[in-house]
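Working through the structure, step by step
As a plain string of letters, each chain reads:
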Amino acid sequence: MLALTSLAAVIVVRAAADEALPLMGPAPAFTLTTQDGARVSLHDLRGKVVALTFIYASCADTCPLLTAKMAGLQTRLGTDFGPRVFFASITVDPERDTPDVLKHYAHGHGADLRGWAFLTGAPAEIHEVAKRYGVYYKKSARGDVDHTFLTSLVDSRGMLRVQYLGVRFDPDEMLRDLRSLIRERQALGGARSER
Amino acid sequence: MITRRELLRGVTGVVGGLAWRPGRVLAEPSPETTRLRLYHSPSICTAPQYIVEGLLKADGFSEIKYVKTTVAGISKLLASGGVDVSLHFVAPLLIQLDAGDPVTVLGGVHPGCFELFGADRVRVIRDLNGKTVAITELGQPAHVFLSTMLAHVGLDPHKDVKFVEHPAAECKQLLAEGKVDAYLAFPPDTQELRARKIGHVVVNSTVDRPWSQYFCCMAAGHREFVRKHPIATKRALRAILKATDICALEPERAARALVDGGFTSRYDYALGTMKDVPYNKWRVYDPEDSLRFYGLRLHEARMVKSAPQKLIAQGTDWRFVNELKKELKS
């Protein structure tokens, strides 16, 4: 009886863990400039699970916390990071965040640029991307940028699956979500795109 | 190498989600309207809808209008279609549903915000038996909430308490002068009464059970707006719930936005409200439980005729909030 109860509990837990993330619709497309000056689009990342954040380099308080949290996940993803999972951090301060500034910011946070791009663009491009992801930002007179901290997870087929608001989210939960999307990718034959 | 278990997981996923085939996946369409009207009343526990403008713009709304009203005027605005989607208090919403107003409740936003302030002679709710309570208007949220509290402790709000109507500023003054026995206040009045040490808190719905266990403020829309504009409704609710998270996660930023936006004048009271009100519960509490709890109390107080289940069946639509609970994590 005890064994049956335990088995039932295991099944329930596993079923919950395997519950697929919702499908919010196609992730809004964008083409922006990386820290190396190359142009990259979301479509180029098709086949990988993408975590998309909005930050700016001179942010002194909250952005570094978010970037540090993502850097921690980069490590925990191990060999999945890069080939299967890609991070993209888009600046909300394109006037100041040139590719060089973003490259310096990336190095300062220990970002592995084989799986992480820091993106900038013309102010109008950034405005459009932020708007399409539901990110609000506004530059203050002092020069800092008030913005929504919204991290979006995009699956390997370019579908927006879940968004995390703020920086106090549970990194374990995001890791579970990323791994769940990696499993989906494998089931869909996504491994082909690694070759 | 993919293990059998991983393969099964994948298969389950593919079969379970028909929409996973790219050809069958539909983009979330553009909202049916880019115009949204909300209200602006003196109460600031409804802060999410006051700091939501930028988020609404990010979600596709280009014409956002705030209609000024009193707290007592919110029900009329919502029923008449003067606002499209807005926050409103749970107890007055139930009275509206019972009256057949074309309103659809969309989800809970936060529990607790109102506080019952009493004179020294009032220590518990039952002490209000035979006493005088100041309210701004019969039927307005403070009167309705207080009636549910009276009913909960076995008092009859129609007979056991004398309600006197005065403007809010006078209500506070009457309590300060000891000319009334109690006053039920909403933020920022709650902050002000505490700061000025007027009366004492008899019930604080942010922490005192059972009130703290149910939503006080809920999101609702005009029924026709929700029916004709489901995409816009979901986007408006998404923006409001994001704003609710911001109130919880960044109270200083939210309080500053309230003051800068002209929705309230005192930053300290606004910040106190952001820190006191549990804005982090919209994913946790069940909105139906809140409607049922307050519906039963209002039924006991003979302020609604219908059973809660009927009101829930005819006046709610949880589709959007249920989707958003999965899509928006924090």
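Residues numbered from 1 in each chain as written. Chains lettered and ligands numbered in written order. Predicted model: local features only at pLDDT ≥ 70, side-chain atom pairs only at ≥ 80, totals over all residues. Heavy atoms only, no water.

Considerations on the overall build of chain B
From N to C terminus, chain B includes 15 helices and eleven strands. For 330 residues, the compact-globule estimate of 2.2 N^0.38 gives 20 Å, and the C-alpha radius of gyration of chain B, at 21 Å, lies within 12% of that figure. Taking the principal axes of the C-alpha coordinates as reference, chain B spans close to 75 × 45 × 40 Å. Considering chain B as a whole, with its 330 residues, one finds that 60% of them fall into the buried category. A total of about 13400 Å² of accessible surface is found on chain B, and carbon and sulfur atoms cover 51% of it. (Helix = DSSP H or I, 4+ residues; strand = E, 2+ residues; numbered from the N terminus. Rg over C-alpha atoms; globule rule 2.2 N^0.38 Å. Buried < 20%, exposed > 50% of the residue type's maximum accessible area, 1.4 Å probe, protein only. Areas by Shrake-Rupley, 256 points an atom, 1.4 Å probe, with all protein chains shown as cover.)

Remarks on the packing of aromatic side chains
With the rule as written, the count across this model stands at 21 aromatic pairs over all chains. Centroid distance Trp116(A) to Phe118(A): 5.1 Å. Interplanar angle 20°. Geometry classified as stacked. Neither residue differs from the other here; Trp116(A) and Phe118(A) are each classed as buried. Seen from their ring centres, Phe293(B) and Tyr294(B) are 5.1 Å apart, and the 85° between their planes marks the pair as edge-to-face. Among the aromatic side chains, those forming a connected cluster through ring pairs are Phe89(B), Phe114(B), Phe145(B), Phe186(B), Trp211(B), Tyr214(B), Phe293(B) and Tyr294(B). Note that Lys69(A) overlies the ring of Phe169(A), its terminal NZ or CZ placed 4.6 Å from the centroid. Note that Arg266(B) overlies the ring of Tyr269(B), its terminal NZ or CZ placed 4.2 Å from the centroid. (Phe/Tyr/Trp six-rings, centres within 6.5 Å; stacked < 30°, edge-to-face > 60°. Lys NZ or Arg CZ within 6 Å of the ring centre and 35° of its normal.)

Some details on the sheet that holds strand β10 (residues 215-222) of chain B
All names here are of chain B. Spatially, β3-β10-β4 is the arrangement adopted by the three strands of the open sheet, whose pairing is antiparallel. Edge strands, defined here as strands with exactly one partner in the open sheet, are β3 (85-89) and β4 (103-111). Neighbour-to-neighbour, the strand axes of this sheet turn through a mean angle of 30°, independent of strand direction. As paired strands, β4 and β10 are joined by seven bridges and run antiparallel to one another. (Pairing = 2+ DSSP bridges. Axes fitted to C-alpha atoms, helices over the stretch in contact; angles between N-to-C directions.)

Regarding the packing of helix α10 (residues 230-249) of chain B against helix α11 (residues 251-260) of chain B
Residue and element names in this part refer to chain B. At a minimum axis distance of 5 Å, the contact between α10 and α11 shows a crossing angle of 115°. Every residue of α11 that contacts α10 at Ile246, Cys247, Ala248 and Leu249 is listed here: Pro251, Arg253 and Ala254. Per-class residue counts for the contact of α10 with α11 are six nonpolar, no polar and one charged. (Contact = heavy atoms within 4.5 Å. Nonpolar A, V, L, I, M, F, W, Y, C, P; charged D, E, K, R; others polar.)

Brief notes about the domain arrangement of chain B
Many analyses report the size of an interface as the accessible area lost when the parts associate. All names here are of chain B. One can read the domain layout of chain B as domain 1 (4-111 + 214-327) and domain 2 (115-204). Facing the 25 residues of domain 1 at the interface are 20 residues of domain 2. Carbon and sulfur atoms make up 72% of the area that domain 1 and domain 2 hide from each other, which totals about 1800 Å². Applying the counting criterion to the domain 1 and domain 2 interface returns two salt bridges. Where domain 1 touches domain 2, the interface holds five residue pairs in polar contact (both at pLDDT 80 or more). For the side of domain 1 that touches domain 2, the secondary structure elements donating two or more residues are α5 (90-98), α12 (267-276) and α13 (287-300). Looking at which element gives the most residues to the side of domain 1 that touches domain 2, the answer is α13, with five residues. (Domains from an automatic or database assignment. Buried area = accessible area lost by both parts, 1.4 Å probe. Salt bridge = Lys/Arg side-chain N within 4 Å of Asp/Glu carboxyl O. Polar contact = N/O pair within 3.5 Å; in protein donor to acceptor, adjacent residues only side chain to side chain.)

Looking at the environment of Leu165(A)
Among the structural elements, Leu165(A) can be located in strand β10 (residues 159-165). A relative accessible area of 1% places Leu165(A) in the buried class. Sequence separation of Leu165(A) and Thr151(A) is 14 residues, and the distance between their C-alpha atoms is 6.5 Å. Beyond its immediate stretch of four places on either side in the chain, Leu165(A) contacts Thr148(A), Phe149(A), Leu150(A), Lys242(B), Asp245(B), Ile246(B), Leu249(B), Lys329(B) and Ser330(B).

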